[in-house]
Structures are given as C-alpha cells and as structure tokens.
Amino acid sequence: TEAIGLYNVGQSCCLNSLLQVFLMNIHFTGILRRITVPPHAAQKRRNVPYQMLLLLEEMQCGKQKAVSPTALACCLSVYRVKLFVQHDAAQLFLTLWNLIKRQMKKPQLVEELNDLYTICVQEHLACQKCSSESKRNSSMLTLPLPVLDSSSHVLKTLEDCLQYFFHPEELTDHNMCFCEQCGRKTPFLQSMKLVHLPQTLTIHLKRFCFEKSADIHKLSHYLPFPQDLDFNAVLTENQCQADDNEKAAWKYELFAVVAHSGSTSCGHYCAYIRSLTECKWYCFNDSEVCQVLWDDVKCTYGHSNLHW
C-alpha cells in the first residue's frame, strides 16, 4: 500500500528507476504474477522475471522504507548487464524487456507483454521518378523522438517531436536509393505511418547528441510534455494507417518519467511515477521516496542540473 524505494548497490540508479516503472505498472505486474516458476535453484537465480517477482513481493510485504535489488542485479550480470557502471535508460529498458520476454515460458504471457508495450508502424519508401513504392511493417518498443530537427533547430514541445518523427523525409544526393524499375539510384521519399499503439506507450527523448569530433554531449534544453496526449490531435490522417476503432484508443495519461541529471560522463537517474491505484505522483530517488506534485514533475522538462 506504500511506495518502497530500492537501495543503490553501486551506480544502480538507472536500473532502480526502470525497475520502479515496471513494478508500479499494475498491468505489467498482473502478467509477472502468472509466470512459470523455475523448478531448480540454479534456474531461479538466472531467471529475470522470477527475480523481479521476488523483488516485487519483498517490496510489497516489507515494512522497511527500501529493499535491495542485489539478487536481481547479480542475475542480470549473467546476461552481460554490467554492475557498477553507468547505463543509458533507453538501452537498459530494451535489454530488460527482451530478457523478460525471452524467459517467460507461457506463450499467452508473451503475447500479453507484446500487447502491453509493442508499437507497430508501416515504413514507406517511394521513388520520386517512377512512383514505385515499397511498404514494410515493423515493430518497436519505444518511440525514439529527436529533440532537434535536421537543421539542428530545437523542437519546442513533445508534440513537435512527434510530428517531426512522422514527417516524410526526402532522400537525395548521397542518400539516394537504388530503384529496380528505374535501374539506377534516384531520389526517394521515406515516411513512416502509425499502425498500432500499445496500452503502455514508451517515449524516448534522444537527448544525447554525437558531434563531428565523435564526442557525445547532452541536449538539456527546455522541452515540455503534457499530462494527457491524444495522437489523433497531433498526427495527420496521412501519418496514420489504422481504422477508427484503433485510433480511438490512442489517448494517453502520463504514468512515469525517467529523468537524468548531469552530463554524458557523470550523472544520476530517478523516476517520477504516478500510482495507478492512488492517482498520486511519487519521486523514486533510489532508497528515498516522497510524494510530489505535477509542478515537481515539470522540473524534468530540461535542466542541465536537475536536483531532487
């Protein structure tokens, strides 16, 4: 009934933040509680969903303010998720999700996990000379939204980032593609159309930028995001490949924000999560958990030095 923190076991703030987002999602824990328990002790130690379930039970049954994720962290290290190093949240989220999905034995649970998180899009590639077009359906776990456009201009809102992500791109000059009908390289128009959105939508703001010198720096400019998001109000008809029943479900309430402060070489993660049972916002900063307001969540809109 109370939000419980996770102790930092050595630069594990990124892992802790992501675990809190998974375990505070009652739709995810509903799947997790129905997994097949491995029969042997050695298998249990190496099974990520089972170790997450043990951690969830410890968090829900304990009276302490925080619990340690050491057993799960050791389990993850078997699969080359390194301990005592800084991780990127988007990359670690993908790694965790793939491990969870791969180790769930029941096909029905795997299908439910896909329905809960997987985004479906249709990629279009059209020759500008002969109008021949190819289409390909693909799935993704996150929407990786750029926060700068192709001219390195700042995109000012989350809605701007979404529109830019689904905006058609002309492939010209050295980016031209080979057209089989034309028999040569020609300019192409590349676009992406939204086919399906999951129950829990994960958006990744690409705040790390590669310079020409191969250095990476963080983009910390102000970028607001709303508490409610309706894709029908953001994208055009041409950017969607779905019927009205599908699009009627494309309305979201913000559930969690994984926030990073600091630079690419040194920083700290925490999570702001809205309890789906209490409808209150909490800040999960490793072992410290406190109730917060929406104004506190808005502090993550973009600051080079974010303090909790």
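Keep in mind the model is a prediction, meaning the values are calculated, not measured.

Draft legend 1. Highlighting the overall build of the protein chain. The secondary structure content of the protein chain amounts to eleven helices and 18 strands. A compact globule built from 308 residues should have a C-alpha radius of gyration of about 19 Å, and the protein chain, at 21 Å, falls within 12% of that. Taken over the C-alpha atoms alone, the protein chain extends approximately 65 × 45 × 40 Å along its principal axes. Residues counted as buried form 44% of the 308 residues belonging to the protein chain. Considering only residue pairs separated by 6 or more positions, the protein chain has 61% of its internal contacts joining residues 24 or more positions apart. With an accessible surface of roughly 16700 Å², the protein chain has 50% of that area assigned to carbon and sulfur atoms. Measuring between centres, the 29 positive side-chain charges of the protein chain sit 8 Å from its 30 negative side-chain charges.

Draft legend 2. How the structure looks around the pattern of salt bridges. Per the counting criterion, the structure on display carries seven salt bridges. The salt bridge partner of Arg136 is Glu123, with a shortest N-O separation of 3.1 Å. Residue Arg136 is found in strand β4 (residues 133–140), and its partner Glu123 is found in strand β3 (residues 119–127); the two are separated by 13 residues along the sequence. You can call Arg136 exposed: its relative accessible area is 51%.

Draft legend 3. Summary view of the sheet that holds strand β6 (residues 169–171). Ordered in space as β4-β3-β9-β6, the four strands form an open sheet in which the pairing is antiparallel. Pairing within the sheet leaves two strands with one partner each, and these edge strands are β4 and β6. Between one strand axis and the next, the sheet turns through 25 degrees on average, direction left out of account. One ladder, built from eight bridges, connects β3 with strand β9 (residues 188–196); its direction is antiparallel. Across the sheet, residue Cys127 finds its bridge partner in β9, namely Phe188.

Draft legend 4. Focus on the environment of Arg33. Structurally, the position occupied by Arg33 is in the loop between α2 (26–32) and α3 (41–46). Assessed through its relative accessible area of 40%, Arg33 is described here as partly exposed. Sequence separation between Arg33 and Tyr50 is 17 residues, and the spatial gap between their C-alpha atoms is 9.0 Å. A distance of 2.7 Å separates the side chain of Arg33 from the side chain of Gln60, its partner in a polar contact.

Draft legend 5. Seen up close, the side chain of Gln239. Its place among the elements puts Gln239 in the loop between α9 (231–234) and α10 (244–247). Leave out the neighbours within four places in its chain, and Gln239 touches Gln163, Phe166, His167, Met192, Lys193 and Leu194.

Draft legend 6. Fine view of the side chain of Thr300. Looking at the element boundaries, Thr300 is found in the segment after α11 (294–297). The exposure class assigned to Thr300 is buried, which follows from its relative accessible area of 13%. A polar contact of 2.7 Å, which involves the side chain of Thr300, links it to the backbone oxygen of Val297.

Draft legend 7. Inspection of the nonpolar core at higher detail. Ranked by size, the top nonpolar core spans 41 residues in total, and within it Phe22, Phe28, Met52 and Tyr117 carry the most contacts. Contributing elements (two or more residues each) for this core: α1 (13–23), α2, α4 (48–61), α5 (70–77), α6 (89–103) and α7 (107–117). Contacts of Phe22, omitting those with residues within four sequence positions, involve Phe28, Thr29, Met52, Phe93, Leu96, Trp97, Ile100 and Tyr117. Counting residues in each nonpolar core, the second largest holds 38 residues, with Leu145, Cys161, Leu201 and Val257 among its members.

Conventions and cut-offs
Residues numbered from 1 in each chain as written. Predicted model: local features only at pLDDT ≥ 70, side-chain atom pairs only at ≥ 80, totals over all residues. Heavy atoms only, no water. Helix = DSSP H or I, 4+ residues; strand = E, 2+ residues; numbered from the N terminus. Rg over C-alpha atoms; globule rule 2.2 N^0.38 Å. Buried < 20%, exposed > 50% of the residue type's maximum accessible area, 1.4 Å probe, protein only. Contact = heavy atoms within 4.5 Å. Areas by Shrake-Rupley, 256 points an atom, 1.4 Å probe, with all protein chains shown as cover. Lys, Arg positive; Asp, Glu negative; His and termini not counted. Charge placed at Lys NZ, Arg CZ, Asp CG, Glu CD. Salt bridge = Lys/Arg side-chain N within 4 Å of Asp/Glu carboxyl O. Pairing = 2+ DSSP bridges. Axes fitted to C-alpha atoms, helices over the stretch in contact; angles between N-to-C directions. Polar contact = N/O pair within 3.5 Å; in protein donor to acceptor, adjacent residues only side chain to side chain. Core = buried A, V, L, I, M, F, W, Y, C linked by side-chain atoms within 4.5 Å.

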